[in-house]
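Here is how the chains run, residue by residue.
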Amino acid sequence: MIFENILVQKTAALAQITINRPKKLNALNKATIYELHKAFDVLESDLNIKAIILTGSGEKAFVAGADISEFAHFTAEEGATLAREGQEILFNFIENLATPVIAAINGFALGGGLELAMACHFRIASENAKMGLPEVSLGVIPGYGGTQRLPQLVGKGKAMEMIMTAGMISAEDAKNCGLVNHVTTQEELMLLAEKIASKILRNSPVAISAAIVAVNANFEDGVNGFDTEINAFGDCFGTEDFREGTNRFS
Ligand code: COA
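What counts and what doesn't
Residues numbered from 1 in each chain as written. Predicted model: local features only at pLDDT ≥ 70, side-chain atom pairs only at ≥ 80, totals over all residues. Heavy atoms only, no water. Helix = DSSP H or I, 4+ residues; strand = E, 2+ residues; numbered from the N terminus. Buried < 20%, exposed > 50% of the residue type's maximum accessible area, 1.4 Å probe, protein only. Contact = heavy atoms within 4.5 Å. Lys, Arg positive; Asp, Glu negative; His and termini not counted. Charge placed at Lys NZ, Arg CZ, Asp CG, Glu CD. Salt bridge = Lys/Arg side-chain N within 4 Å of Asp/Glu carboxyl O. Axes fitted to C-alpha atoms, helices over the stretch in contact; angles between N-to-C directions. Parallel < 35°, antiparallel > 145°, perpendicular 65-115°, else oblique. Left-handed = near helix turned anticlockwise from the far one by under 90°. Nonpolar A, V, L, I, M, F, W, Y, C, P; charged D, E, K, R; others polar. Near = heavy atom within 4 Å. Polar contact = N/O pair within 3.5 Å; in protein donor to acceptor, adjacent residues only side chain to side chain. Areas by Shrake-Rupley, 256 points an atom, 1.4 Å probe, with all protein chains shown as cover. Pairing = 2+ DSSP bridges. Core = buried A, V, L, I, M, F, W, Y, C linked by side-chain atoms within 4.5 Å. Domains from an automatic or database assignment. Buried area = accessible area lost by both parts, 1.4 Å probe.

*Asks:* Break down the overall build of the chain for me, with residues and values.
*Replies:* The number of helices and strands found in the chain is 11 helices and 10 strands. Across its three principal directions, the C-alpha atoms of the chain cover 60 × 40 × 35 Å. Across the 250 residues of the chain, 44% fall into the buried class. In the chain, once contacts between residues fewer than 6 apart in sequence are set aside, the share between residues at least 24 apart is 71%. Taking the average place of the 20 positive charges on the side chains of the chain and the average place of its 30 negative ones, the gap between the two points comes to 5 Å.

Dropping the structure here:
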């Protein structure tokens, strides 16, 4: 796959997507959002790929936010469309992807950048990473799911403080409040992401997809997550992975 703003590499069952606009601190412009959608879509339908790592190029940023230069002159209607389309095309799309996605946060993850990391199934970060939702300092609020996913991950009070102050937190603080699972050195970030991915690769991709659906159901309005779990659990019984996985115990 050849793209202008992102790089996609595949090594056996593991894929890596790197947002590649380092001069703009990997800010998410419209073209990058569409390219990311395409890359995730293609990788999800590639049955050889069982996990995806998402990171940013350069040593400074994962993603420093939505590209401010693209929306600075928007009307209210255009702003709402930007948020709606972005959420559908990329953020909700990643969250519901059947293939697990790990965000490897290698620097600034701000605004849309933190929202992108939060849409991934979980996050790890390097020590230099800084995270925050600075939108209110620009006179706007997070529009790519940040007001919903941040409280889910860190709790309402902490999320309110982060959003209202528009401040940045360190990688260590992010780990302490559950925003990221692990913190490591910059040099070892990708190694750690690959090590965690290698553990995922040993397990049933069908069961992992079912687990993603069941966990996500907890956060969907009007959906009973326990019922979703029961159905997804039952579906696993018909699969070859289940027969293979349980065979040595039966
Ligand atoms: N949108 C568009 N361009 C961005 C950007 C964004 N969100 N974040 C950074 N850039 C661009 C800068 O305009 C600059 O471009 P230039 O070299 O053509 O002038 C380049 O990336 C480097 O950024 P710079 O500000 O010079 O780096 P810095 O190290 O001094 O500061 C940040 C780093 C992250 C603190 C600063 O870039 C920043 O505050 N960015 C905006 C963060 C934000 O508000 N994000 C939420 C958007 S909703």
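There's more to say after this.
*Asks:* Residues and numbers for the pattern of salt bridges, please.
*Replies:* Here the structure, examined in full by the defined rule, presents 4 salt bridges. R21 serves as the salt-bridge partner of D67, at 3.2 Å between the closest nitrogen and oxygen. Of this pair, D67 sits in the loop between β4 (61-63) and α2 (68-71) while R21 is found in the loop between β2 (14-19) and α1 (30-45), placing the two residues 46 residues apart along the sequence.

*Asks:* So what about the packing of helix α5 (residues 146-154) against helix α6 (residues 156-165)? Which residues, and what values?
*Replies:* Across the interface, α5 lies against α6 with an axial gap of 7 Å and an inter-helix angle of 135 degrees. As far as their axial angle goes, α6 and α5 are oblique. As α5 packs across α6, the resulting crossing turns out to be right-handed. For the pair α5 and α6, contact is made by G146, T147, L150, P151 and V154 and by K156, K158, A159, M162 and I163, respectively. Considered class by class, the residues forming the contact of α5 with α6 number 6 nonpolar, 2 polar and 2 charged.

*Asks:* Outline the site of the ligand, listing residues and values.
*Replies:* Neighbouring residues of the ligand: 16 residues in total, closest K24, K60, A64, A66 and I68. Here an oxygen atom of the ligand and a side-chain polar atom of K24 are 2.6 Å apart. Contact between the ligand and I68: a nitrogen atom at 3.0 Å from a main-chain N or O atom of the residue. Starting from 870 Å² of accessible surface for the ligand in isolation, the protein chains cover 59%.

*Asks:* How would you sum up the side chain of N106? Please name residues and give values.
*Replies:* Looking at the element boundaries, N106 is found in the loop between β5 (101-105) and β6 (108-110). A polar contact of 2.8 Å, which involves the side chain of N106, links it to the backbone oxygen of G56. Residues contacting N106, with those up to four places away along its chain left out, are T55, G56, S57, G58, E59, K60, A61, F62, S126, N128, Q186 and L189.

*Asks:* So what about the pairing of strand β1 (residues 6-11)? Which residues, and what values?
*Replies:* The pairing of β1 with β2 spans 6 bridges and is antiparallel. Note on β2: the bridge partner recorded for Q9 is Q16.

*Asks:* Account for the nonpolar core, with residues named and values stated.
*Replies:* Formed by 50 residues in total, the largest nonpolar core has its most connected members in F40, L116, M131 and L179. Once residues within four sequence positions are removed from consideration, F40 is found in contact with I17, I52, L54, L90, F93, I94, L97 and V101.

*Asks:* I'd like a rundown of the domain arrangement of the chain, residues and numbers included.
*Replies:* Partitioning the chain into structural domains gives domain 1 (6-201) and domain 2 (205-247). Computed over C-alpha atoms, the centres of domain 1 and domain 2 are 25 Å apart. Residue-level contacts link 10 residues of domain 1 with 6 residues of domain 2. Carbon and sulfur atoms supply 64% of the area buried between domain 1 and domain 2, which totals about 590 Å² over both sides. Looking at the side of domain 1 facing domain 2, the largest losses of area belong to K50, A98 and Q152, adding up to 49% of the total buried there. Scanning the region where domain 1 abuts domain 2 turns up 0 salt bridges. Inspection of the region where domain 1 meets domain 2 yields 3 residue pairs in polar contact (both at pLDDT 80 or more). Its residues assigned to classes, the side of domain 1 that touches domain 2 shows 4 nonpolar, 4 polar and 2 charged.

*Asks:* If you had to explain the sheet that holds strand β9 (residues 168-170) to someone new, which residues and values would you point to?
*Replies:* Across the sheet, 4 strands lie side by side as β4-β6-β8-β9; this open sheet has mixed pairing. Unpaired on one side and paired on the other, β4 and β9 mark the two borders of the sheet. For this sheet, the mean angle separating the axes of adjacent strands, direction not counted, is 20 degrees. Across 3 bridges, β6 lies against strand β8 (residues 130-132) in parallel orientation.

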